[in-house]
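# Structural overview
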There are 2 protein chains.
Amino acid sequence: MNDQHIVSAFDRDLEAIQAMVIKMGGLVESAILDGARALESRDTELAEKVRDGDAAIDALEDQINEEAARCIAIRSPIATDLRIVLSVLRLSAALERLGDYAKNIAKRTTILSGTNPMTGSDVTLRRMAREVQAMLKDTLDAFVQRDKALAEDVIQRDLDVDQMYNALFREFLTFMMEDPRNITSCMHLHFIAKNIERMGDLVTNMAEQVIYVATGEIPRAERPKEDLTALHGPDAGPAGGA
Amino acid sequence: MNDQHIVSAFDRDLEAIQAMVIKMGGLVESAILDGARALESRDTELAEKVRDGDAAIDALEDQINEEAARCIAIRSPIATDLRIVLSVLRLSAALERLGDYAKNIAKRTTILSGTNPMTGSDVTLRRMAREVQAMLKDTLDAFVQRDKALAEDVIQRDLDVDQMYNALFREFLTFMMEDPRNITSCMHLHFIAKNIERMGDLVTNMAEQVIYVATGEIPRAERPKEDLTALHGPDAGPAGGA
């Protein structure tokens, strides 16, 4: 009876914390899409909005950390319950970093506002960002539904993001070699491409956490993505070659 | 009496976990120094060693995660004790990412092995890496000794790393504009510089966790560093301007 009470109290806590994670995820999704739109149209006002919005994302992470710590301290969860709470902390930490990347893209947009859009690459950048946002959305759905298959699908889709990045890297190199006046803006656009590619890696790590929550197993082979980026250079093999 | 027993059991667990974190930190310090040395001398063998060494770092993170979860489940720590365990998890996650960055530098070193060292920038890159390694060492010491002042000192020193990165960014732009044949290798060297700058941000976040462990307060103003990088461009203000 008392156990029953404790269990359901934990479930209520967990639901409240998960709701905060979903809310945080929604803010990050908007930041990614708005950041990409602001970049494509060199819209410094929208970029400003994205920069200002990051504070709310950081605040939610703090709330989630406090609630999760409170839940662990009061409910003393073990086994699966504890695993879920610890994974929630990793998910919110990843969301906070995704928010930082979106904010970083918005800041570079402000820097780039003087330069002309490079039609081809700007469209690809926005497509990359939209794919990462879709991956994030599915990862959060997979988390709520404990859907291993959906999370595995997200991990696979990150390869497309890597390939888009790979193509952009070569494109920027060409632009810079063609005309040195392109170098500065290409350096910033390349950073943005790199940030979006890293965002895809972060979402992949989140999807792995979701699989861990659903199954208790971390899919080791997929980790870590970050060190694949060295192989994205023109004088190296295709993405995923490591 | 029983409480007394539980407390000391927790302390023993915590000491064992902290020992693993220190061991992990030592491996990461070596990876940073070896990675920088391999880059400066284009030593692909040493670079290979750094790449292979990352597996041991990842394995330690898994061990720490398991031990920490076991400790929480068995000891049900609360208040300060729980705060310390949760911070240990964040520290080990940061160390794992530092290891990935060192591995990434080693991979780019292999890619760059065909190119000539660019004396000036290679020396700066190694100085940056050595500073980040020293910051990490002090952060781990500050963690063990719960030394708030030392952790605050580390956070301040990250500004030097940002400034070294800022100088390199301009240097690479110049190299590329002077001779398009420098563009590809400068793109990779620039990535390496960026990675080291991000490593400094990660160590700064770790130092903030150490302050949190020591005081219960996270120094908000210092967070997040990552989104300052957009201001490191030549057409932007000095680092730290955001």
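Calculation rules
- Residues numbered from 1 in each chain as written.
- Chains lettered and ligands numbered in written order.
- Predicted model: local features only at pLDDT ≥ 70, side-chain atom pairs only at ≥ 80, totals over all residues.
- Heavy atoms only, no water.
- Helix = DSSP H or I, 4+ residues; strand = E, 2+ residues; numbered from the N terminus.
- Buried < 20%, exposed > 50% of the residue type's maximum accessible area, 1.4 Å probe, protein only.
- Contact = heavy atoms within 4.5 Å.
- Phe/Tyr/Trp six-rings, centres within 6.5 Å; stacked < 30°, edge-to-face > 60°.
- Lys NZ or Arg CZ within 6 Å of the ring centre and 35° of its normal.
- UniProt positions renumbered as here; feature names shortened; annotations may be inferred.
- Axes fitted to C-alpha atoms, helices over the stretch in contact; angles between N-to-C directions.
- Parallel < 35°, antiparallel > 145°, perpendicular 65-115°, else oblique.
- Nonpolar A, V, L, I, M, F, W, Y, C, P; charged D, E, K, R; others polar.
- Expected span 1.5 Å × (residues − 1).
- Salt bridge = Lys/Arg side-chain N within 4 Å of Asp/Glu carboxyl O.

The number of helices and strands found in chain A is 6 helices and 0 strands. Put simply, chain A runs from its N terminus to its C terminus through helices and strands in the order α-α-α-α-α-α. With 242 residues in all, chain A has 57% of them scored as buried. Residue pairs at least 24 apart in sequence account for 83% of intrachain contacts in chain A once pairs closer than 6 positions are excluded.

Residues and elements named next belong to chain B. A complete count under the given rule lists 2 aromatic pairs over all chains for this structure. Over the ring of Tyr212 we find Arg83, and its NZ or CZ is 5.5 Å from the ring centre. Over the ring of Tyr165 we find Lys194, and its NZ or CZ is 4.7 Å from the ring centre.

Residues and elements named next belong to chain A. With numbering matched to this structure, UniProt assigns "domain: PhoU" (unreviewed entry) to residues 22–109 and 125–210. Each end of residues 22–109 is marked by a C-alpha atom, and these two atoms are 27 Å apart; helix forms 93% of the span and strand 0%. The distance separating the terminal C-alpha atoms of residues 125–210 is 27 Å; by composition the span is 93% helix and 0% strand.

The subject of this paragraph is unusual backbone geometry. Even without glycine at this site, Ala79(A) takes up a positive phi of about 50°. Along the polypeptide, Ala79(A) turns up in helix 3 (residues 79–112). One non-glycine residue, Arg42(B), lies in the positive phi region at around 50°. Mapped onto the elements, Arg42(B) comes out in the loop between helix 1 (2–40) and helix 2 (44–75).

Okay, the packing of helix 5 (residues 148–178) of chain A against helix 6 (residues 183–215) of chain A next. Residue and element names in this part refer to chain A. Contact pair helix 5 / helix 6: the axes reach a minimum separation of 9 Å and the direction vectors enclose 170°. Relative to helix 6, helix 5 is oriented roughly antiparallel. Looking at the contact of helix 5 with helix 6 residue by residue, the classes come out as 19 nonpolar, 4 polar and 8 charged.

As a further point, take the side chain of Ser185(A). All names here are of chain A. Here Ser185 shows up in helix 6. With relative accessibility at 8%, the residue Ser185 sits in the buried group. For Ser185, the residues in contact, after removing those within four places along its chain, are Leu112, Thr115 and Met118.

As a further point, take helix 3 of chain A. The end-to-end C-alpha distance of helix 3 of chain A, which contains 34 residues, comes to 50 Å, matching closely the 50 Å that a straight helix rising 1.5 Å per residue would cover. Of all 34 residues making up helix 3 of chain A, 28 are buried, and the element is well covered by its neighbours.

Counting across every chain of the model gives 28 salt bridges over all chains. Ionic pairing is found between Arg70(B) and Asp13(B), a salt bridge with its closest N-O pair at 3.9 Å. A residue pair is termed long-range when its members are at least 10 positions apart, and Arg70(B) in helix 2 and Asp13(B) in helix 1 qualify at 57 residues. One salt bridge in this structure joins Glu67(B) and Arg70(B), with 3.2 Å as the shortest N-O distance. A residue pair is termed a helical-turn pair when its members lie 3 or 4 positions apart in one helix, as Glu67(B) and Arg70(B) do in helix 2 at 3 residues. A residue is classified by how much of its surface remains accessible, and Arg70(B), at 34% relative accessible area, is partly exposed. Each of Asp13(A), Glu67(A), Arg70(A) and Arg75(A) takes part in salt bridges that share partners, so that together they form one network.

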